[in-house]
Amino acid sequence: MEDEENRMKVYIETYGCQMNLADTEIVLGIMNKSGYSPTPTIDDADVILLNTCSVREHAEEKIHQRLGVIKKQMSDKPDLVVGVLGCMAERLRSSLIDRHKVDIVVGPDEYRKLPELLEGALAGSQGIGVRLSRTETYDDIAPFRTEGVSAWISVMRGCDKFCTFCIVPFTRGRERSRTLASVVSEVEQLVVQGFREVTLLGQNVNSYGDGGNDFADLLSAVARVDSRLRVRFTTSHPQDLSDKLIETIATYDNLCKYIHLPVQSGSDHILEAMNRTYTRGHYLALVDRIKSQIPGVALSTDIIAGFPTETEEDHRETLSLMEEVGYDGAYMFKYSPREGTPAFRLGDDVPEEVKTRRLNEIISLQQKISYEVNQSMVGKTCEVMVDGPSRKSDLQLSGRTDTNKTVVFPTGTLKQGDVVRVNINRVSSATLFGDPVYKLD
Ligand code: 5AD
Ligand code: SF4
């Protein structure tokens, strides 16, 4: 048996989206197989990796700062290897080595090369792997998952949509999907290991396709693995969300009634400039179909404030669309120009203070809407899967409804993964509070 003490230790910090969280588990799977042990403690590490995000400038700035701090704090460890993974590695390549003197830079499709690049780095040479692939899905890699009841599974990679603001098609490359059989077999193993919830991940899961099966086929196959397993997915592009998919979500009780459906803007003129390929009318009609076929469904969205050429009228259309849909939640951002994207050439003509004001209006409207939607839950009972202690008090547990709402309630004999019915008696815009009724299983 290998001596655990002698294995090199790798520490990873993950930034950005859920795809990155899933990728970190794949990276740890690769590293673990090559003789490295994951460590949660940076001071113990022989290798420090940052899995990074490029989606907005602010995300990149945070990483630059963090790299500066790490390099400074670790200056007394000459043998330490520091590496950058993910979208920033892909976008900035060798300039990261010039600027931060990191040892390795590895983009999202080259993680299989990590052991080799690290070996070189430990021997003192720098390494770069930033080729994008049309086929890499890490289908055969067993992700290294931390304990828990909820697992991420990436089912497709890349994006072919080319929204004009977005760097992802350039940092993560073309769309490609894993086979349905490999996803289903991973889910079967997770169930055996005790996982109670899976989230199928992709930049644009609705365009999943393995040559014979589409995303609706994949979802129903995963739902059938175990009727008690909660199945979630993200992210959906409105253009590819088919009627067949809506029907599938409605059919299986364990497919969560929650859809994250980024709209980005409520104005046709901005949607066109963003190359979103749908109009406000198409989007609202889709929302109507979803709501009528999946009773009680929760919807969330992404919104960008201050895209180039956005007028006050465009902004008001975004606000009115938000009211019309009545989103349960939203992720809201100021437009951030990304070099290399088509929108970059449009300039960044909405002044910073206007962007800030519009974003604030969007945020406060969403808080009001979320509060109203949650208020309608008071007096009702919902089924909650326990995540663990609540953030604010050990005497409270926190869990989520199948519509992905956080519910906080008093601790009893319940443990992570248990499903319990909770009577909702009070709400805020972000959380439901209540009392458990009885344990389901
Ligand atoms: N500026 C601001 N927000 C962006 N997003 C993607 N690119 C940008 C950008 N350049 C947002 C979109 C997307 C979410 C993941 O991030 O809303 O849906
Ligand atoms: Fe970016 Fe658009 Fe692809 Fe989403 S669908 S990753 S916003 S290009």
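Residues numbered from 1 in each chain as written. Chains lettered and ligands numbered in written order. Predicted model: local features only at pLDDT ≥ 70, side-chain atom pairs only at ≥ 80, totals over all residues. Heavy atoms only, no water.

**Concerning the overall build of the chain**
Helix and strand counts for the chain stand at 13 helices and 19 strands. For 441 residues, the compact-globule formula gives about 22 Å, and the C-alpha radius of gyration of the chain, at 22 Å, lands near that figure. The proportion of buried residues among the 441 residues of the chain is 54%. Relative to all contacts within the chain whose residues are 6 or more apart in sequence, the contacts with residues 24 or more apart total 72%. Summing over all exposed atoms, the chain offers an accessible surface of approximately 19500 Å²; the carbon and sulfur share of this is 50%. Here the chain carries 52 positive and 65 negative side-chain charges, and the mean point of each set is 1 Å from the other. (Helix = DSSP H or I, 4+ residues; strand = E, 2+ residues; numbered from the N terminus. Rg over C-alpha atoms; globule rule 2.2 N^0.38 Å. Buried < 20%, exposed > 50% of the residue type's maximum accessible area, 1.4 Å probe, protein only. Contact = heavy atoms within 4.5 Å. Areas by Shrake-Rupley, 256 points an atom, 1.4 Å probe, with all protein chains shown as cover. Lys, Arg positive; Asp, Glu negative; His and termini not counted. Charge placed at Lys NZ, Arg CZ, Asp CG, Glu CD.)

**Thoughts on the site of ligand 2**
In the neighbourhood of ligand 2, the contacting residues comprise Cys159, Lys161, Phe162, Cys163, Phe165, Cys166, Val168, Pro169, Gln203, His237 and Arg276. Residues belonging to the shell around ligand 2 are distributed by class as follows: seven nonpolar, two polar and two charged. (Near = heavy atom within 4 Å. Nonpolar A, V, L, I, M, F, W, Y, C, P; charged D, E, K, R; others polar.)

**Some points on the site of ligand 1**
Val55, Arg56, Phe165, Gln264, Asp302, Ile304, Phe333, Lys334, Tyr335, Ser336 and Arg338 make up every residue found near ligand 1. Between ligand 1 and Arg56 there is a distance of 2.9 Å, counted from an oxygen atom to a side-chain nitrogen or oxygen. Here an oxygen atom of ligand 1 sits 2.6 Å away from a polar atom, N or O, in the side chain of Gln264. For ligand 1, whose unbound accessible area comes to 400 Å², protein coverage reaches 85%. Elements that contribute at least two residues to the shell around ligand 1 include exactly strand E13 (298-305) and strand E14 (329-334). Across the shell around ligand 1, the residue classes break down as five nonpolar, two polar and four charged. (Polar contact = N/O pair within 3.5 Å; in protein donor to acceptor, adjacent residues only side chain to side chain.)

**Concerning the packing of aromatic side chains**
One pass over the full model with this rule turns up seven aromatic pairs. Taken together, a centroid distance of 6.0 Å and an interplanar angle of 20° make the contact between Tyr111 and Tyr138 stacked. A residue pair is termed long-range when its members are at least 10 positions apart, and Tyr111 in the loop between strand E5 (104-106) and helix H5 (114-122) and Tyr138 in the loop between strand E6 (127-129) and strand E7 (150-154) qualify at 27 residues. According to the relative accessible area criterion, Tyr138 is buried, its value standing at 2%. (Phe/Tyr/Trp six-rings, centres within 6.5 Å; stacked < 30°, edge-to-face > 60°.)

**Looking at the environment of Lys368**
If you trace the backbone, Lys368 turns up in helix H13 (residues 352-375). On the basis of relative accessibility, which here comes to 41%, the residue Lys368 falls in the partly exposed class. When the C-alpha atoms of Lys368 and Lys72 are compared, they prove to be 44 Å apart, with 296 residues separating the residues in sequence.

**Considerations on the domain arrangement of the chain**
What the domain assignment lists for the chain is domain 1 (4-129), domain 2 (147-256), domain 3 (268-376) and domain 4 (381-439). Distance between the C-alpha centres of domain 2 and domain 3: 24 Å. On the side of domain 3, 21 residues touch domain 2, which itself brings 17 residues to the contact. Between Arg289 and Asp243 there is a salt bridge; the shortest N-O distance is 2.9 Å. Between the two partners, domain 2 and domain 3, sit seven residue pairs in polar contact (both at pLDDT 80 or more). (Domains from an automatic or database assignment. Salt bridge = Lys/Arg side-chain N within 4 Å of Asp/Glu carboxyl O.)

**Side note on the packing of helix H8 (residues 215-225) against helix H9 (residues 243-251)**
Closest axis-to-axis distance for the H8/H9 pair is 9 Å, and the angle between their directions is 15°. What the angle tells us is that H8 and H9 run roughly parallel. The crossing of H8 and H9 is left-handed. Only Lys244, Leu245, Thr248 and Ile249 of H9 make contact with H8, whose side of the interface consists of Phe215, Ala216, Asp217, Leu219 and Ser220. Taken together, the residues that form the contact of H8 with H9 break down as five nonpolar, two polar and two charged. (Axes fitted to C-alpha atoms, helices over the stretch in contact; angles between N-to-C directions. Parallel < 35°, antiparallel > 145°, perpendicular 65-115°, else oblique. Left-handed = near helix turned anticlockwise from the far one by under 90°.)

**A closer look at the side chain of Arg178**
Mapped onto the fold, Arg178 is located in the loop between strand E9 (176-177) and helix H7 (180-192). When its relative accessible area of 6% is taken as the criterion, Arg178 is described as buried. A distance of 3.1 Å separates the side chain of Arg178 from the backbone oxygen of Ser154, its partner in a polar contact. If sequence neighbours within four positions are ignored, Arg178 has contacts with Thr137, Asp139, Ile153, Ser154, Val155, Val183, Glu186, Tyr208 and Asp210.

**A short note on the sheet that holds strand E11 (residues 230-234)**
Read across the open sheet, the three strands follow the order E7-E10-E11; overall the sheet is parallel. Whereas interior strands pair on both sides, the edge strands pair on one side only; in this sheet they are E7 and E11. For this sheet the average axis-to-axis angle between neighbouring strands, irrespective of direction, equals 20°. Where E7 meets strand E10 (residues 197-201), five bridges bridge the pair, whose relative direction is parallel. Pairing of Trp152 across the sheet is with Thr199, part of E10. In this fold helix H1 (residues 18-33) packs onto E7, E10 and E11, with an angle of close to 90° to the strand it touches most, E7. (Pairing = 2+ DSSP bridges.)

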